[in-house]
Amino acid sequence: MDNSRRPPYSRKKGKQGLTMADQTVYSTAPSAATERLVHMARLLLKQWDVEAKAIDVVQSGQMALVWKVHTDGGPKCLKRIHRPEKKALFSIYAQDALAKKGLYVPRIIETRDHRLFKRYGPFLFVLYDWIEGTPFDLAIRDDLTAMIGALAHFHARSAGYEPPPGVPVFSKLGKWPKHYMKRCRQLEAWKQLAELDRDDPFSRLYLAEIDRFIEKGEEVLQQLLDSHYEAWVEQLKKRPSLCHQDYGTGNSLRGEDGNVWIIDLDTAAFDLPIRDVRKMMAPFLFDADQQGKTRADIVLEAYEEVRPLTKKEKEVLLIDLLFPYDLHELAVEKYIRNVPLAEAELAEAMAYEQAKWETIERRLASL
């Protein structure tokens with residue numbers, strides 16, 4: 001693969017963090033801090049009818065907390081949801097409904113007072129079954145197709161889900177145009193920050209080249225508005241399906257039962273199903289196998305074996321792939337999170353976006 005066309009997605013992979021699939025990575029916090037977290041978990045677990053034989057701190061730091069709780073009934077996952085309460089409630093009740101429907105998502109264990117979560121202060125705590133299994137390797141075709149097939153089944157079988165009365169709805173249906181416009185405005189506004197730091201090579205390149213990417217983003221917005229997008233949104237509003245929004249190797253695994261389990265549904269929302277597909281395809285647009293087929297094509301083919309897309313729906317997918325998401329994410333790292341980045345990283349992202357446009361526009365023309 002040509003490195004000039006490699007997206008800066010390796011930085012994004014780190015955002016997935018640890019999941020229930022991680023069996024060997026534990027907190028590096030000082031022992032005293034770990035002991036406090038274990039004590040905290042024991043106090044929390046009094047709200048559930050479980051007896052902990054041992055507790056491991058699997059993830060800590062910032063707002064996220066995950067414990068592996070060893071019980072006579074098998075391991076459990078105690079988790080503090082790192083999401084605003086309205087979004088957390090939507091995902092909790094959605095996961096519970098999917099598990100009861102027979103989808104391979106972890107079962108939520110009710111509290112002693114028959115609730116799906118326990119609220120402490122601003123945080124919601126949930127206890128799940130811990131899924132033992134093996135993470136997928138996306139370089140292995142069978143692993144990739146198994147993951148994508150599971151995603152397609154997730155979309156298909158979640159269609160028509162309705163949250164219980166009183167549970168907030170988290171939906172992104174119809175919001176893509178607004179999100180496109182917001183990102184274009186941000187790319188424009190960050191030129192002012194770059195102007196203040198012209199001695200930095202990253203910022204100089206940003207100022208020299210960013211306008212054409214903003215213009216392209218605005219063109220993609222118009223393409224979206226002229227497409228089947230709005231009609232598809234109206235159709236799905238009548239019977240929406242869930243999107244995971246953070247699907248990947250960190251949030252899926254092959255269980256010891258041989259099934260593909262989808263975990264960490266904290267970000268689940270109603271949206272077009274191709275949102276998840278686009279995120280899986282984008283890193284693989286230029287990554288070909290020995291037969292010359294890109295892994296992006298393999299993703300789409302595996303998805304359509306379970307859930308076929310119409311020509312108009314594929315057009316919406318390709319239009320969404322055109323938007324300069326990766327470049328925007330890199331700019332967020334630089335100008336919002338203040339991460340020091342080299343000029344070469346920005347040049348790489350811009351080269352990827354440029355090559356992506358040429359590839360996707362050819363595919364659009366061939367539909």
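Our subject in this report is the structure included herewith. Here the structure is a predicted model, which means the values were calculated and not measured.

### Here's the deal with the packing of aromatic side chains
Summed over the entire model, instances satisfying the criterion amount to 15 aromatic pairs. Here the aromatic rings of Phe90 and Tyr161 are separated by 6.2 Å at their centres, their planes lie at 75°, and the arrangement is edge-to-face. One end of the pair, Phe90, is in helix α3 (residues 85–101); the other, Tyr161, is in the loop between α4 (141–158) and α5 (176–195), and 71 residues separate them in sequence. When sorted by exposure, Phe90 lands in the same class as Tyr161, which is buried. Each ring, one from Phe213 and one from Trp357, has its centre 5.2 Å from the other, and the planes form 50°; the classification is tilted. With a gap of 144 residues between them, Phe213 in helix α6 (residues 201–225) and Trp357 in helix α12 (residues 343–366) connect regions that are remote in the sequence. Given a relative accessible area of 0%, Phe213 falls into the buried group. Look at Trp357 and you get buried, because its relative accessible area is 6%.

### A short note on the pairing of strand β3 (residues 76–80)
By the criterion of burial, β3 is predominantly enclosed, with five of the five residues buried. Every second residue of β3 is oriented toward a common face, with Lys76, Leu78 and Arg80 on one face and Cys77 and Lys79 on the other, all of them buried. Connecting strand β2 (residues 65–70) to the next strand, β3, in antiparallel fashion are five residues, including Gly74 with a positive phi near 100°. Sheet topology note: the β3/strand β5 (residues 123–129) ladder contains five bridges and is antiparallel. Residue pairing in the sheet places Cys77 in a bridge with Tyr128 of β5.

### Comments concerning α12
Residues that lie three or four places apart on an α-helix share one face, since the helix turns once every 3.6 residues. Taking 1.5 Å as the rise per residue, α12 with 24 residues should run 34 Å; its terminal C-alpha atoms sit 35 Å apart, in good agreement. Along α12, the positions that sit buried rather than exposed are Leu346, Ala349, Met350, Tyr352, Glu353, Ala355, Lys356, Trp357, Thr359, Ile360, Arg363 and Leu364. Where α12 is buried, its residues contact α6, α9 (295–306), α10 (311–322) and α11 (325–335).

### Let's talk about the nonpolar core
In terms of nonpolar packing, the biggest core is built from 83 residues, with Tyr206 and Leu272 touching the most fellow members. The dominant element in this core, judged by the number of residues it contributes, is α6, at 10 residues. Setting aside chain neighbours within four positions, we find Leu272 in contact with Leu173, Trp176, Tyr229, Trp232, Val233, Leu236, Cys243 and Val316. Membership of the second largest hydrophobic core comes to 16 residues, among which are Leu44, Leu45, Phe125 and Leu127.

Definitions and cut-offs
Residues numbered from 1 in each chain as written. Predicted model: local features only at pLDDT ≥ 70, side-chain atom pairs only at ≥ 80, totals over all residues. Heavy atoms only, no water. Phe/Tyr/Trp six-rings, centres within 6.5 Å; stacked < 30°, edge-to-face > 60°. Helix = DSSP H or I, 4+ residues; strand = E, 2+ residues; numbered from the N terminus. Buried < 20%, exposed > 50% of the residue type's maximum accessible area, 1.4 Å probe, protein only. Pairing = 2+ DSSP bridges. Expected span 1.5 Å × (residues − 1). Contact = heavy atoms within 4.5 Å. Core = buried A, V, L, I, M, F, W, Y, C linked by side-chain atoms within 4.5 Å.

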